[in-house]
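Results of the structural survey
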Amino acid sequence: MNKFPTPAEIDAERTVNVAPYVEKTLAAIRADLVKNGNNAAVSIDYAPPGAREEITRILGESGWSAKFDSDQRDGAYVRVTRKG
């Protein structure tokens, strides 16, 4: 008999699939914050589905807010600021 995954199982699988991208992006954000203080703007590559949500969740739990955006000149980026 086939068992279809629950929403929680799908979420867990997506988290595992995006983990390398999330780790790489968080490392770049951390380096920029250490270098520049309370604000960071980090260029990003194409984010796999679920990666932005996971990055936002992790940063949010640590007291930071993240805003993903893009423009024609600089391409895609994430801007991180201290909450509050």
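Quick note: structure is the one above.
Within each chain, residues carry numbers counting from 1 in the order of the written sequence. Only residues with pLDDT of at least 70 get local features here, since the model is predicted, and only at 80 or more are side-chain atom pairs given and counted; chain-wide, interface and lining totals rely on the full set of residues. Think of the side-chain values as coming from all heavy atoms in the structure, minus any hydrogens and water.

1. Here we look at the overall build of the protein chain
Put simply, the rule is: Here a strand is any run of E in DSSP of at least two residues, a helix any run of H or I of at least four, and the numbering for each starts at the N terminus. Relative accessibility thresholds used throughout: buried, under 20% of the residue-type maximum; exposed, over 50%; partly exposed, between the two (1.4 Å probe, protein chains only). When checking whether two residues touch, look at their non-hydrogen atoms; a contact exists if any pair is within 4.5 Å. For the area figures, the Shrake-Rupley method with a 1.4 Å probe applies, and any residue is considered shielded solely by the protein chains shown.
Along its length, the protein chain carries two helices and three strands. Starting at the N terminus and walking to the C terminus, you meet the elements of the protein chain as α-β-α-β-β. If one aligns the C-alpha atoms of the protein chain with their principal axes, the spans along those axes are about 55 × 30 × 20 Å. Expressed as a percentage of the 84 residues in the protein chain, the buried residues total 25%. In the protein chain, once contacts between residues fewer than 6 apart in sequence are set aside, the share between residues at least 24 apart is 51%. When the accessible area of the protein chain is evaluated, it comes to approximately 6,100 Å², of which 53% is carbon and sulfur surface.

2. Focus: the pattern of salt bridges
Rules: Basic side-chain nitrogens of Lys or Arg form a salt bridge, by our definition, when they fall within 4 Å of a carboxyl oxygen of Asp or Glu.
Counted according to the given criterion, the structure contains five salt bridges. A salt bridge links Lys-67 to Asp-69; the nearest nitrogen and oxygen atoms lie 3.7 Å apart. Residue classification places Lys-67 among the exposed positions, given a relative accessible area of 53%. The partly exposed category is assigned to Asp-69, whose relative accessible area is 32%. Ionic contacts of the salt-bridge type, sharing partners, join the residues Glu-54, Arg-57 and Glu-61 into one network.

3. Some remarks on the sheet that holds strand E1 (residues 39–43)
Condition: Two strands are counted as paired when DSSP detects at least two bridges linking them. The convention used is that axes are lines fitted to C-alpha atoms, helices contributing only their stretch in contact, and that angles between N-to-C directions extend from 0 to 180 degrees.
Reading across the sheet, the three strands line up as E1-E3-E2 and stay open at both edges, with antiparallel pairing between neighbours. Every interior strand has two partners, whereas the edge strands, E1 and strand E2 (64–71), have only one. Within the sheet, the average angular offset between the axes of one strand and its neighbour, ignoring direction, is 20°. Packed on one face of the sheet, helix H1 (residues 7–36) meets E1, E2 and strand E3 (75–82) and runs near 140° to E1. Relative to the sheet, helix H2 (residues 51–61) contacts E2 and E3, its axis offset from that of E2 by approximately 145°.

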